[in-house]
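One-letter residues, chain by chain:
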Amino acid sequence: MKGIAQRPNTACSGLTGKRTKFARLALAALVALSTSANAQSDNANHYDLTAALDPASGALSVTGTIDIVADKRTAEIEMLLNGQLRIEQISFSREAEMQTENGITFGTYPLPRTQRMLIALAQPMEPGDHLQIALAYSGRLTTESFEMGRGIVSPLWTELSADALWYPVWYDEPDIRYTLSLDLPPKFDVVGPGRYDRVGDGKWRLSSPGIVNTRITFAASDSWTIAEREIGDGLMGAVYTARRTAKTDSILTGLEQAFEAYRTFLGTPALSTGAIKIIYPGPEVEPTYPQQAYVAGNDFIVLDESDLQVQLDTLNHEVAHLWWSRGAPATPDEFLSESIAEYLAKRHGGDLWGAEWLERQRERMRARSERIDSSLLESDGFTGDRQALLYNRGPAMLFALEDRIGRGAIDAILREVYSRRADTLDDFFEILSARHGKTMVDWARDRL
Ligand SMILES: [Zn+2]
């Protein structure tokens, strides 16, 4: 992270020097696809929402249910919701009381325009227990009210995600499934991760591609431009922009190159559809945090606004998340998503743009890493250091490891981490230890 940590941003991104004003919390950028038949997938919370939105005024009205399935013993549920929205009705299938508070602090970040819903259960839920929440809420969303991440509401470009807090988000249990009936004015086009079906003029039905991490997201416009082409092996790439831009072709080529580079040693990832959609509003549109980028649903990439090379560097990071999206947010295990994605992005950038470019990036990562006293091994919660550790110290260690054991050996480690679906930093160390010995693990730990 560079610069002032004023507000938490929940998106992830490859960082570069241009993105100075924004702190990233990187808590919800990722997806776990339902192709994993692990027990946890059964505990995903299910959102079933019907939303009417007028992009011209920002008026939003939502009804629906949230089926909470406790992952662990739970006595209290804390959800965040945009402070512009008023809860009109809410009921619970278990005895519970809710208090709301407007203007809160989250981690170390003050969020004056965000409300907290604190739901206290009369009896704690045990793992697997359900709580049905039926609710209705409405209000007028404004771009200024988005404190957690990028988001914008306008006819030319509407972009809503978890970070806009347009629905109640429970960050403690990020695995969710959703169905969303979306009612927009006639003629509006919509795109989202996974399935997004037009069921009438301005009427859409979206459903999550399996289990996703927190993010119910979509973009909409009455007049955007879509450029698409095959990017190899039957896979389509599409770029959505507010206005036609000359960058589109370079972005699609960058997508093709990054995808091919990672696929070469990791195999084809579990994509949710045969098309990767890149959401890039362009300079005409100013989301709250235009420098943020993220992946959702393993086929939906939201790209930042910047110079083309900076954007392609970000794209290289986000494409890596199609393979690397494991490790709980705000814990050392997030190394497996953010640090590895950033390492691979910079490495691929070096292949594209030369050794000098890569050396500059490595030097920058080292310098940023040195300014932080704490350790990635003790990363805990949404603090200012977390981002710098994940995007700088983590990849710096991987590059130092590459210097010691070579790129082929790193690839072999990553291939094993990926194929074993490892999701903790300890898993990574275990694999490193088996291949290169315990001394190498101690050496690596010292560098985190
Ligand atoms: Zn990321």
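Heads up: the structure comes first, above all this text.
Okay, so let's go over this structure. From a predicted model like this one, the values you see are computed outputs, not experimental measurements.

1. Observations concerning the overall build of the protein
Counting its secondary structure elements, the protein contains 8 helices and 19 strands. Taken against the 2.2 N^0.38 rule, which gives 22 Å for 448 residues, the C-alpha radius of gyration of the protein at 21 Å falls within 12% of a compact globule. With the C-alpha coordinates of the protein rotated into their principal frame, the extents come out at 60 × 55 × 40 Å. Counting only residues that meet the buried cut, the protein has 59% of its 448 residues in that class. Counting only carbon and sulfur atoms, one obtains 46% of the accessible surface of the protein, whose full area is about 16800 Å².

2. Brief notes about helix α1 (residues 247-266)
Here α1 spans 28 Å end to end across 20 residues, near enough to the 28 Å set by a 1.5 Å rise per residue. Within the span of α1, buried status applies to Lys247, Thr248, Ile251, Leu252, Gly254, Leu255, Ala258, Phe259, Tyr262, Arg263, Phe265 and Leu266. Contact partners of the buried residues in α1: β15 (225-230), β16 (236-241), β17 (275-279), α2 (308-320), α3 (338-353) and α6 (407-419). Note on α1: the residue one or two positions beyond its end, Gly267, has a positive phi of about 80°.

3. Brief notes about the pattern of salt bridges
Inspection of the entire model under this criterion finds 27 salt bridges. Across the pair Arg150 and Glu159 runs a salt bridge, and its minimum N-O distance is 2.5 Å. Take Arg150: its relative accessible area is 2%, and that puts it in the buried class. The salt bridge partner of Arg366 is Glu363, with a shortest N-O separation of 2.8 Å. Of this pair, Arg366 and Glu363 both sit in helix α4 (residues 355-370), 3 residues apart, roughly one helical turn. The exposure class of Arg366 is partly exposed, given its relative accessible area of 29%. In this structure Glu363 comes out as partly exposed when scored by relative accessible area, which is 43%. Each of Glu416, Arg420, Glu430 and Arg435 takes part in salt bridges that share partners, so that together they form one network.

4. Digging into the packing of α4 against helix α5 (residues 384-405)
Direction vectors running N to C along α4 and α5 enclose 125°, while the axes themselves pass 8 Å from each other. When the axis of α4 is compared with that of α5, the two are oblique. The element α4 and its partner α5 pack so that their crossing is left-handed. On the side of α4, the interface is formed by Leu358, Arg362, Arg364, Met365, Arg368 and Ser369, while α5 contributes Tyr391, Asn392, Arg393, Pro395, Phe399, Ala400 and Asp403. Tallied by class, the residues present in the contact of α4 with α5 amount to 6 nonpolar, 2 polar and 5 charged.

Thresholds applied
- Residues numbered from 1 in each chain as written.
- Predicted model: local features only at pLDDT ≥ 70, side-chain atom pairs only at ≥ 80, totals over all residues.
- Heavy atoms only, no water.
- Helix = DSSP H or I, 4+ residues; strand = E, 2+ residues; numbered from the N terminus.
- Rg over C-alpha atoms; globule rule 2.2 N^0.38 Å.
- Buried < 20%, exposed > 50% of the residue type's maximum accessible area, 1.4 Å probe, protein only.
- Areas by Shrake-Rupley, 256 points an atom, 1.4 Å probe, with all protein chains shown as cover.
- Expected span 1.5 Å × (residues − 1).
- Contact = heavy atoms within 4.5 Å.
- Salt bridge = Lys/Arg side-chain N within 4 Å of Asp/Glu carboxyl O.
- Axes fitted to C-alpha atoms, helices over the stretch in contact; angles between N-to-C directions.
- Parallel < 35°, antiparallel > 145°, perpendicular 65-115°, else oblique.
- Left-handed = near helix turned anticlockwise from the far one by under 90°.
- Nonpolar A, V, L, I, M, F, W, Y, C, P; charged D, E, K, R; others polar.

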